[in-house]
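Analysis of the macromolecular model
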Amino acid sequence: MFISILAFKKLLIYFWFLWWLIAFLTDFTGAMYQLGWISDSWIPHSNYPYLVKTLSIYDPPSQLSPFLFTGIICWSFLSTVY
């Protein structure tokens with residue numbers, strides 16, 4: 001049983017849509033957790049602290065990490081929508 005090329009392309013689009021949606025929701029809920037808006041412990045919230053830890057070796061300004069994390073969230077949202 002072979003699937004058509006069109007069906008395969010649609011499956012690929014759905015796969016990447018779900019991939020970027022999960023990435024966006026993970027980062028978005030992690031940001032809400034870091035801001036104290038959500039206090040549930042099951043929410044994955046390790047991306048922002050990892051970003052801060054990674055950038056700390058360069059001694060960046062204090063506002064760089066939140067700015068970059070906001071950019072990551074916006075980028076994953078745009079990737080999900082388009």
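Everything below is about the structure shown above.
The rules we used
Residues numbered from 1 in each chain as written. Predicted model: local features only at pLDDT ≥ 70, side-chain atom pairs only at ≥ 80, totals over all residues. Heavy atoms only, no water. Helix = DSSP H or I, 4+ residues; strand = E, 2+ residues; numbered from the N terminus. Rg over C-alpha atoms; globule rule 2.2 N^0.38 Å. Buried < 20%, exposed > 50% of the residue type's maximum accessible area, 1.4 Å probe, protein only. Contact = heavy atoms within 4.5 Å. Axes fitted to C-alpha atoms, helices over the stretch in contact; angles between N-to-C directions. Parallel < 35°, antiparallel > 145°, perpendicular 65-115°, else oblique. Left-handed = near helix turned anticlockwise from the far one by under 90°. Nonpolar A, V, L, I, M, F, W, Y, C, P; charged D, E, K, R; others polar. Core = buried A, V, L, I, M, F, W, Y, C linked by side-chain atoms within 4.5 Å. Patch = residues over 30% accessible without salt bridge, like charges linked within 9 Å, V, L, I, M, F, W, Y side chains within 5 Å. Areas by Shrake-Rupley, 256 points an atom, 1.4 Å probe, with all protein chains shown as cover. Salt bridge = Lys/Arg side-chain N within 4 Å of Asp/Glu carboxyl O.

For the protein chain, the helix and strand inventory stands at three helices and zero strands. Taking 12 Å as the expected radius of gyration for a compact globule of 82 residues, we find that the protein chain reaches 17 Å, considerably beyond that expectation. For the protein chain, the proportion of its 82 residues judged to be buried stands at 16%. Sequence-distant contacts, at least 24 apart, represent 36% of the contacts inside the protein chain between residues at least 6 apart.

Attention now moves to the packing of helix α2 (residues 47-55) against helix α3 (residues 64-81). Running from amino to carboxyl end, α2 crosses α3 at an angle of 130°, the nearest separation of the two axes being 10 Å. Viewed along their axes, α2 and α3 adopt a mutual orientation that is oblique. Helix-helix and strand crossings are classified by hand; for α2 and α3 the assignment is right-handed. Contact with α2, carried on its side by Asn 47, Tyr 48, Leu 51, Val 52 and Leu 55, involves Ser 65, Pro 66, Leu 68, Phe 69 and Ile 72 of α3 and no other residues of that element. Of the residues that constitute the contact of α2 with α3, the class distribution is eight nonpolar, two polar and no charged.

Of all hydrophobic cores here, the largest spans six residues; its members are Phe 24, Ala 31, Leu 51, Leu 55, Phe 69 and Ile 73. Going through the elements one at a time, α1 (5-34), α2 and α3 are the ones with two or more residues in this core.

Turning next to a nonpolar patch on the surface. Where nonpolar side chains cluster on the molecular surface, the patch consists of Ile 3, Phe 8, Leu 11, Leu 12, Ile 13, Tyr 14, Phe 15, Trp 16 and Trp 19 and spans about 980 Å² of accessible area. Of note, Tyr 14 is situated in helix α1. Residue classification places Tyr 14 among the exposed positions, given a relative accessible area of 52%.

Just geometry here; none of it tells us what the structure is for.
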